[in-house]
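# Remarks on the overall topology
The residues making up each chain are set out below.
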Amino acid sequence: MKNPVFAARAFCKDPVPSRILVILIFLFSIIGCRDKSDIEARRKAAHPKAVQFLVQAEYLYKEGRYGQALFLADSAAYYEPDLADIWMLEGMIYTQLLQFDNAEKAYKRILEIDRNYPGIHLNLGNTALRKGEPRRALGFYDGEKGSEVKASVALQKGRAYEALSRPDSAKMMYMAAIEADSTMATAYMRLGTLFKNEGELESALGYIRSGLRLMPDNPNYRYVYGSILLLNGQAAEAAAEFKTVVETQPWNYWANYSLGQALVRAQEVELGKSYLARAENLTKQVRTLQDWENLARSNPDQQGIWLNYSDVLARSGQIEKAIHAANVAKSLGPISLAFQCNLATLHMLNADTTTAMAMYRELVAIDSTFADGWLNLGVGLAAIGQTAEAGMAFRKARKYNPNDPLPEKYLKELEGRDQ
């Protein structure tokens with residue numbers, strides 16, 4: 001018998017680690033401390049509660065649970081207000097929430113504690129750049145003395161100079177970044193893009209290929225490479241690059257459009273027209289996504305905007321971005337069980353069954369009559385072969401929503417699987 005297919009219900013209309021580490025995790029991952037003595041002394045002397053809360057907060061931050069992470073970071077600061085690591089984490093959390101003013105306040109608190117804290121000027125510069133203040137960003141970058149972040153500082157200064165329409169200065173910075181770290185793929189790609197914009201295609205291709213050798217699976221890099229090949233008259237080669245991008249990002253308007261153009265130029269006219277038609281169909285979706293993204297950036301504290309933005313992203317197939325937007329919404333206040341169920345399903349679609357299952361279990365623990373929670377829990381259990389538990393979940397879903405045909409359908413398919 002053919003294996004049954006179970007599908008979790010998503011997009012309803014209603015739009016802590018088990019073992020605490022005994023040492024403080026250094027939060028800023030690219031730092032290799034320049035002057036460790038004072039910083040490490042503060043950490044060793046830190047109140048145990050502050051250490052515990054901070055480690056838990058970092059774990060939650062990495063899980064995308066920003067609201068809980070921020071709460072625990074605040075709890076850590078209650079015990080150790082002068083531990084700079086806490087404010088670094090708070091700044092990183094606020095950055096993910098697009099609350100750049102709050103991020104800057106957190107980073108400036110570090111300056112009051114230790115002006116030489118590694119990476120602090122880099123993060124302040126990045127925050128200013130995100131706020132659209134490239135000149136101010138350059139001032140912060142110039143204050144960063146940490147040799148371990150030299151390549152990152154040069155890269156970001158290049159971005160700032162690009163924002164100021166100073167391409168020659170940007171090139172110098174990207175070259176400095178490569179000199180400091182020859183594995184920095186982004187520097188090669190941005191340098192190649194600058195040469196492309198100036199019509200120096202051979203130089204552009206050289207740098208882009210160097211970046212691609214370092215990160216061959218990056219779809220954005222492959223798109224840039226394809227666009228330069230197309231400008232260079234290599235339509236067939238460009239089409240191959242664009243096709244790779246479309247396969248991983250079918251929702252990408254520009255990749256579909258560029259693939260269509262490349263195929264037409266490569267004399268595959270009918271196939272090219274099909275991708276151009278697909279791009280045309282994506283036009284409205286792209287405009288909608290841009291509108292919601294702009295709203296979210298302009299109103300980062302409005303939960304309803306993030307909820308809708310997550311929904312639009314999910315419907316376009318951009319699952320990871322949808323999860324991030326949903327997590328931001330969740331950090332801004334309580335959300336309905338229906339939306340939490342959607343978020344769990346997004347994790348399922350993103351092949352993160354463990355997180356999804358934990359969330360479904362939590363939902364039915366909160367409300368044992370939540371039929372969609374039981375239904376989706378059953379789908380997850382069936383997917384991992386726990387058919388007896390899945391059957392129990394489907395029966396619960398049937399009990400609490402007798403008008404829904406799916407629980408009965410899935411129960412019959414489970415019975416067929418067991419025969």
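Residues numbered from 1 in each chain as written. Predicted model: local features only at pLDDT ≥ 70, side-chain atom pairs only at ≥ 80, totals over all residues. Heavy atoms only, no water.

## Comments concerning the overall build of the protein chain
When you go through the protein chain residue by residue, the secondary structure sums to 22 helices and 0 strands. If you line up the protein chain on its principal axes, its C-alpha atoms span 70 × 70 × 35 Å. Both charge centroids of the protein chain, one from 49 positive and one from 48 negative side chains, sit 2 Å from each other. (Helix = DSSP H or I, 4+ residues; strand = E, 2+ residues; numbered from the N terminus. Lys, Arg positive; Asp, Glu negative; His and termini not counted. Charge placed at Lys NZ, Arg CZ, Asp CG, Glu CD.)

## Some words on the pattern of salt bridges
By the definition in use, this model includes 16 salt bridges. When the shortest N-O distance is used, the salt bridge between lysine 131 and glutamate 104 registers 3.2 Å. Of this pair, lysine 131 sits in the loop between helix 6 (120-130) and helix 7 (134-142) while glutamate 104 sits in helix 5 (residues 100-113), and the two are 27 residues apart along the sequence. Taking relative accessible area as the criterion, lysine 131 reaches 27% and is therefore assigned partly exposed. A salt bridge links glutamate 408 to arginine 398, with the shortest nitrogen-to-oxygen separation between them at 2.6 Å. Of this pair, glutamate 408 sits in helix 22 (residues 405-418) while arginine 398 sits in helix 21 (residues 387-400), placing them 10 residues apart in sequence. Arginine 398 gets classed as partly exposed once you look at its relative accessible area, which sits at 32%. One continuous salt-bridge network, built from bridges that share partners, spans Asp101, Glu104, Lys108, Lys131, Glu133 and Arg136. (Salt bridge = Lys/Arg side-chain N within 4 Å of Asp/Glu carboxyl O. Buried < 20%, exposed > 50% of the residue type's maximum accessible area, 1.4 Å probe, protein only.)

## Remarks on the packing of helix 9 (residues 167-180) against helix 10 (residues 185-197)
For the pair helix 9 and helix 10, interaxial distance at closest approach is 9 Å and the crossing angle is 150°. One element, helix 9, and the other, helix 10, form an angle in the roughly antiparallel class. Relative to helix 10, the crossing made by helix 9 is left-handed. The segment helix 9 lies against helix 10, with Pro167, Ala170, Lys171, Tyr174, Met175, Ala177 and Ile178 engaging Ala187, Tyr188, Arg190, Leu191, Leu194 and Phe195. A class-by-class count of the residues in the contact of helix 9 with helix 10 yields 11 nonpolar, no polar and 2 charged. (Axes fitted to C-alpha atoms, helices over the stretch in contact; angles between N-to-C directions. Parallel < 35°, antiparallel > 145°, perpendicular 65-115°, else oblique. Left-handed = near helix turned anticlockwise from the far one by under 90°. Contact = heavy atoms within 4.5 Å. Nonpolar A, V, L, I, M, F, W, Y, C, P; charged D, E, K, R; others polar.)

## Brief notes about helix 18 (residues 337-349)
Compared with the 18 Å implied by 1.5 Å per residue over 13 residues, the 18 Å span of helix 18 between its first and last C-alpha is a close match. With 11 of its 13 residues buried, helix 18 lies for the most part within the structure. All buried positions along helix 18 are accounted for by Ala338, Phe339, Gln340, Cys341, Asn342, Leu343, Ala344, Thr345, Leu346, His347 and Met348. Downstream of helix 18 by one or two residues, alanine 351 has phi in the positive range, about 65°. (Expected span 1.5 Å × (residues − 1).)

## A closer look at the nonpolar core
One recurring pattern in soluble globular proteins is that nonpolar side chains are buried together. Counting 129 residues, the largest nonpolar core has Ile93, Tyr107, Ile110, Tyr141, Trp306 and Phe394 as the members making the most contacts within it. Contacts of tryptophan 306, omitting those with residues within four sequence positions, involve Leu97, Leu98, Ala296, Asn299, Pro300, Ala325, Val328, Ala329 and Leu332. (Core = buried A, V, L, I, M, F, W, Y, C linked by side-chain atoms within 4.5 Å.)

## So, unusual backbone geometry
Within the chain, serine 165 stands out as a residue other than glycine whose phi angle is a positive 60°. Examined against the element boundaries, serine 165 turns out to sit in the loop between helix 8 (150-163) and helix 9. Overall, the relative accessible area of 62% leaves serine 165 in the exposed class. The phi torsion at alanine 351 lies on the positive side, around 65°, for a residue other than glycine. For alanine 351, the position within the fold is in the loop between helix 18 and helix 19 (353-366).

## A word on the environment of leucine 295
Structurally, leucine 295 can be placed in helix 15 (residues 269-298). Along the backbone, leucine 295 and valine 51 are 244 residues apart, and their C-alpha atoms lie at a distance of 37 Å.

## Brief notes about the side chain of histidine 347
Looking at the element boundaries, histidine 347 is found in helix 18. Histidine 347 has contacts with Ile323, Asp352, Thr353, Thr355, Ala356 and Met359, leaving out every residue within four places of it along the chain.

## Let's talk about the packing of helix 7 against helix 8
Across the interface, helix 7 lies against helix 8 with an axial gap of 9 Å and an inter-helix angle of 160°. With respect to helix 8, the element helix 7 is oriented roughly antiparallel. The handedness of the crossing between helix 7 and helix 8 is left-handed. Between helix 7, through Pro134, Leu138, Tyr141 and Asp142, and helix 8, the contact on the second element is made entirely by Val153, Gln156, Lys157, Ala160, Tyr161 and Ala163. Counted by class, the contact of helix 7 with helix 8 contains 7 nonpolar, 1 polar and 2 charged residues.

## Description of helix 13 (residues 235-248)
With 14 residues, helix 13 should reach 20 Å at 1.5 Å per residue; the first-to-last C-alpha distance of 20 Å fits that figure. Of all the residues in helix 13, the buried ones are Ala235, Ala238, Ala239, Glu241, Phe242, Val245 and Val246. Along the axis of helix 13, the buried positions cluster into a sector of 165°, meaning they face one direction only. Turned more than 90 degrees away from the buried face of helix 13 sit Ala236, Glu247 and Thr248, all of them exposed. The inward-facing, buried residues of helix 13 contact helix 12 (219-231), helix 14 (253-265) and helix 15. (Arc of directions from axis to C-beta.)

## Some details on the confidence of the model for the protein chain
For residues with low pLDDT, the predicted coordinates do not support detailed interpretation. Mean pLDDT for the protein chain: 87, with 90% of residues reaching 70 or above. Contacts from residues 1-5, a stretch scored under 50 in pLDDT, to residues over four places away or in other chains number 6 contacts. Counting contacts from residues 12-35, a segment whose pLDDT is below 50, to residues more than four positions away or on other chains yields 61 contacts. (pLDDT = per-residue confidence, 0-100.)

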